[in-house]
Amino acid sequence: MLELKNVSKMVGGEVHLHPTSLTLERGSLNVLLGPTQSGKTSLMRLMAGLDQPTTGEVWFEGVNVTGKRVQDRNVAMVYQQFINYPSMTVYDNIASPMRIGGRAAAEIDRAVMKAAELMRLTPYLKRLPLELSGGQQQRTALARAMVKNASLVLLDEPLANLDYKLREELRAELPKIFAETGSIFVYATTEPSEALLLGGNTATLAEGRISQFGPTVSVYRKPVDIVTARTFSDPPLNTLHVERHGNALHAFGREIMPLPPQLAKVPEGPLTIAIHPHHLSLAPVGTDATAIRVRTMVSEITGSESFIHIEFGRERWVVLESGVHEIEPDIELDIHFDAARIMAFGADGRALTGGWEA
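Just so it is clear, the structure is predicted and the values come from calculations on it, not from any experiment.

Participant: Would you mind going over the pairing of strand β1 (residues 2-11) in detail, with residue names and values included?
Facilitator: The sheet contact formed by β1 and strand β4 (residues 55-60) spans five bridges and is antiparallel. Bridging across to β4, L4 finds its partner in V58. Pairing analysis gives seven bridges linking β1 to strand β2 (residues 14-24), with the strands arranged antiparallel. Among the inter-strand pairings, V11 is bridged to a residue of β2, identified as E14. Remark: two residues form the turn of the hairpin made by β1 and β2, two consecutive strands paired antiparallel; G12 in that turn has positive phi of roughly 60°.

Participant: Summarise the packing of helix α2 (residues 90-100) against helix α3 (residues 105-118); cite the residues concerned and give the values.
Facilitator: Where α2 contacts α3, the two axes come as close as 10 Å, and the packing angle between them is 135°. Classed by the angle they form, the pair α2 and α3 counts as oblique. Viewed along their axes, α2 and α3 form a crossing whose handedness is right-handed. Contacts between α2 and α3 pair Y91, I94, A95, M98 and R99 from the former with E107, I108, D109, A111, V112, M113 and A115 from the latter. Looking at the contact of α2 with α3 residue by residue, the classes come out as nine nonpolar, no polar and three charged.

Participant: Which residues make up α2, and what values go with them?
Facilitator: The buried count for α2 comes to eight of eleven residues, which makes it a mostly enclosed element. Summarising the contacts, the buried residues of α2 are in contact with α3 and α4 (134-148). At the exit of α2 stands G102, carrying a positive phi of roughly 75°.

The rules behind each value
Residues numbered from 1 in each chain as written. Predicted model: local features only at pLDDT ≥ 70, side-chain atom pairs only at ≥ 80, totals over all residues. Heavy atoms only, no water. Pairing = 2+ DSSP bridges. Helix = DSSP H or I, 4+ residues; strand = E, 2+ residues; numbered from the N terminus. Axes fitted to C-alpha atoms, helices over the stretch in contact; angles between N-to-C directions. Parallel < 35°, antiparallel > 145°, perpendicular 65-115°, else oblique. Left-handed = near helix turned anticlockwise from the far one by under 90°. Contact = heavy atoms within 4.5 Å. Nonpolar A, V, L, I, M, F, W, Y, C, P; charged D, E, K, R; others polar. Buried < 20%, exposed > 50% of the residue type's maximum accessible area, 1.4 Å probe, protein only.

As structure tokens, then:
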């Protein structure tokens, strides 16, 4: 078990990480989700022992390891920018942590060949890293982390530079590969979709603070505050300041929709509602679907998805639809959604509803 006890990190008077407490269980998969400079790498460096916390302590398996050097910890770390030994072959790069650990040659060979096969590196074992593509070099770094059999494995956006097909395959395989060792597995990403694909637990970070930690799907569906909901939304979360008056929500000086059932106990007055872009639709989503009148701005088509930018009153929202949808700009149309998908937050940003279930 890894325990961070009220750890913080300041650099030159600038706060990189506010006081943070977090417990990660052995054999668990844990995702750190947040935008660039949210504190993910700072947190991982404290876990690894590469940096020392300004305040607080790091404990591992009941032992205070706060002042222990990274070289004296059983940790493996892989960065987005791959790091390999340039003068060693791919085989020797992968084998290096096992050789340092004094493993037998036959054991090393078995582990290297297995890791190379999983990472599709078998044809390149005799090559030097600089003779490989960027993706192959990153796979070499991942293979080296695999064979180390570390107690703590830290992956800092390790798949960002790989091609799409391999990235998708490794997202599915990596949790299984490292779970077999019983290691604590920590994976940093900026992509909410990647967190959902990996599963396990997720800690959402923003501006050096963890806003929520728990089972990934639960954090996504039941954010405790609007910071978490925004962190876990790509494209950005659609939000709107409204007022509850009786059995309706009002904005822009008029009623915009009936009161969703999950807001029945929300007090009269101001609140913020939010809905994910993929929960909005150009077509009705059922007999009880709610519709709002909007004005179109621009459509972005990626091939498999369409991002439709709209104006709702004075707010700019995004609709994410699968498939190709060519929508003319500056026209009025109805956007549909299931009102049960609406989340609500108070003036302090805390959730007023329990999220949604499906």
